[in-house]
Each structure stands twice: as C-alpha cells, then as structure tokens.
Amino acid sequence: MQCPFTLSINCLISHGEIRMTLIQFEYIVAVDNYRHFGRAAESCFVTQPTLSMQIQKFEEQLGVVIFDRNKQPVVPTDIGKRIITQARLALNEAKRVNEIVNDEKDGLNGELSIGIIPTLSPYLLPLFIHGFMEKYPKVNVRVEELLTDQVVNKLSNEQLDVGIIVTPYKEAGMTSIPLFYEHFYAYVNHREKLYNMPALRLEDIPNNELWLLNEGHCFREQVLQVCHMYGEHNGRFKYESGSLEALKKIVDKHGGLTLLPELATLDFDKSSQSRLKKFIDPQPVREVSLFIKKSFLKQKLIEALHKEILEAIPDYISIHKNGEVVKWK
C-alpha cells in the first residue's frame, strides 16, 4: 500500500526558521498509520534507515519528539499527535492540487481505494466491479474488505477514498450517499415450526435458535435490534461466525434459523429459496451507502462509482426507502 501522497521532489514549507518537507510529513503519517518504522518505510518505498533519519532530522528541527520509540508498537507523543494531525491536513491539501488538475482534464483516472464490509463484499462487488473496470480503464481500483469501524478509521487517516457500508453511521467530518435498501429475510430450517409460515412477525423469532455473526459486524447488531435480543444464546451449542454462508450451512445441517440481507440470497437454488421467509410490514431493511469525508477528493471517480453500482444492482432492490431502516450505531 502506498502512502497517501508521494512527491517526486521535496516541496518546502517555511515556518519561521524551520523548513519542513511534504516528504517528512508523509513519513510521520506513515509511521502513525502502521505504528512500525519498518512497515512504514516499506509502504513509502524507502529503506527504514532513510525514513528514520528523515523523521529524526525533522524532530531535531522542531526541537520535539514526535514518536515514543520505547513503546511497541511505536506511539506518537502528545505533541506528536498534534503535529501528525497538521501533517495530514497539509498532505490532503497538497493532494487537492492533483485532483483539481485531474478534474479539469478528465477526472476518471488514477487510483480509487474502496473499503467494503464483509456482509456486502461477496454479493455486491461482483455485480459492479467488472463493469466499472471496463468502463474506466485508466483507474486502478484497490478494494479492502473490512469491518465498518475499520473502514471509517482508514477513511479518517486518508488510507481509503470511499467506504461501502451500512448506514446511518454518525462520524464527525463524514457523510453518506445512500445507494439502496435491502430487505431482511429469515432463513429457516425445514424442520422448524416457522418454516410453514408464509410470513413472519419479528416477535416470532426464537432467540435460542438464532445463529449470529461475530461481534464487530454491523449486521449482527442490526439482527439484535430487529429481534430485540440482547441476552445470551440459551442453547447447548453456541456458534457465531464471520460468514453469512457459514451461518446458512449451520441452519441447513443443524437446525434453527438466521437472518440474511437480500443481496446474500440472489444466487439461492430452489431448495434454499424455500427456506426464506419475509417479514410482515413494515419490513426491516438496511440502508447501504457510500461513506466519504465531507472534504472528499476524487469527486468524479466517486460519482462514477455511485452510478455504476446503481446500474448494476437488480431492479427489484429499491433505491428508495421502502421499509423500516434498522439502525445499529
């Protein structure tokens, strides 16, 4: 992974008698991101001695210590945190120069880094990524599958351009662009009583037979909200997974039920489709959005991504709110 911004020449910024370079800013931001000098140097395509020497020189110029090297992983000092925050701002503003030029020329080139959550990635990504890459051959796309909080953290640190997450999600300096709304379905083993019901009420869900994702997944928190379930699983066998596919297979083999988002059901065969149960209105839905910084760059690329996703999703998945949006954060 490359650092947020790389200059071929050192751009000098004067502050009194101190002369700082964007390269130095880049190096301290990289160390803050990775909390390790070796990995930071690797990400910036320089040797560790080169990076360490530049940071030490910067500290000597300022007369302060930016990083506490006695701790592992390395951490910034209190004054270092403030300097790194300002360095991020300076790098971000410098990047805007390139973005202004790109937007004026075309805007549809360069790198687009996307963070997407695991309960969307295997179902949404195949729908749009091939078409996007074909339509915009000058764009290099990098995708990371991350939990929501990790996506937001990397957006804050300028390590991602855009996230695809479930909203609403409130974070200072961030905003969301809704994409679509997908329904929740219950996936029920054929031996369960609920299997014979045409549609379910939320209060029908037995908590002790419900299989859940691991903690950290927003869909888990939404399921708990939908089912008003906050206690422990009461069964003899407790299983939590990071994979919706694994939960589906547990229901098939072991029994019970789980909840699935609509996109996860698109490729189901007839046998699996028969185990899906809708909820009675108002049906619970989750809002899927692009998540970006309010001062986001690469405007044309993100607009192109937004358009491509909307064109790729099936027609029966609504781009308008059509149920009860389940909050989770």
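The coordinates are above.
Computed from a prediction, not measured in an experiment: that's the story for all the values here. (Residues numbered from 1 in each chain as written. Predicted model: local features only at pLDDT ≥ 70, side-chain atom pairs only at ≥ 80, totals over all residues. Heavy atoms only, no water.)

Things to note about the environment of Leu 108
Looking at the secondary structure, you find Leu 108 in the loop between helix H4 (78-105) and strand E5 (110-116). For Leu 108, a relative accessible area of 22% translates into the label partly exposed. In contact with Leu 108, not counting residues within four places along its chain, are Tyr 136, Lys 138, Val 139, Lys 300, Leu 301 and Ala 304. (Helix = DSSP H or I, 4+ residues; strand = E, 2+ residues; numbered from the N terminus. Buried < 20%, exposed > 50% of the residue type's maximum accessible area, 1.4 Å probe, protein only. Contact = heavy atoms within 4.5 Å.)

Quick look at the pairing of strand E13 (residues 276-279)
By the bridge criterion, two bridges tie strand E8 (residues 174-188) to E13 in an arrangement that is antiparallel. Across the sheet, residue Ala 186 finds its bridge partner in E13, namely Lys 277. Across two bridges, strand E9 (residues 199-200) lies against E13 in parallel orientation. Within E13, the position partnered with Ala 199 by the bridge is Lys 278. (Pairing = 2+ DSSP bridges.)

A few points about the nonpolar core
Among the nonpolar cores identified, the biggest contains 68 residues, and Leu 112, Ile 164, Phe 180, Leu 259, Leu 305 and Ile 309 are the most heavily contacted of them. Top element by residues in this core is E8. It accounts for eight residues. In this view, Leu 305 contacts Leu 112, Ile 114, Phe 128, Phe 132, Val 162 and Leu 290; residues no more than four positions away in its chain are not counted. Residues Ala 30, Ala 41, Ile 66 and Ile 84 belong to the second largest nonpolar core, which totals 24 residues. (Core = buried A, V, L, I, M, F, W, Y, C linked by side-chain atoms within 4.5 Å.)

Observations regarding the pattern of salt bridges
Within this structure, the stated rule accounts for 16 salt bridges. With a closest N to O distance of 2.8 Å, Arg 88 and Asp 32 form a salt bridge. Taken together, the positions of Arg 88 in helix H4 and Asp 32 in helix H1 (residues 22-34) put the pair 56 residues apart, joining distant regions of the chain. Of the two residues, Arg 88 and Asp 32, neither departs from the other in class, the shared state being buried. The salt bridge partner of Arg 142 is Glu 144, with a shortest N-O separation of 2.6 Å. Among the charged side chains, a network of salt bridges with common partners joins Glu 111, Arg 142, Glu 144 and Lys 154. (Salt bridge = Lys/Arg side-chain N within 4 Å of Asp/Glu carboxyl O.)

None of this, on its own, says anything about what the molecule does.
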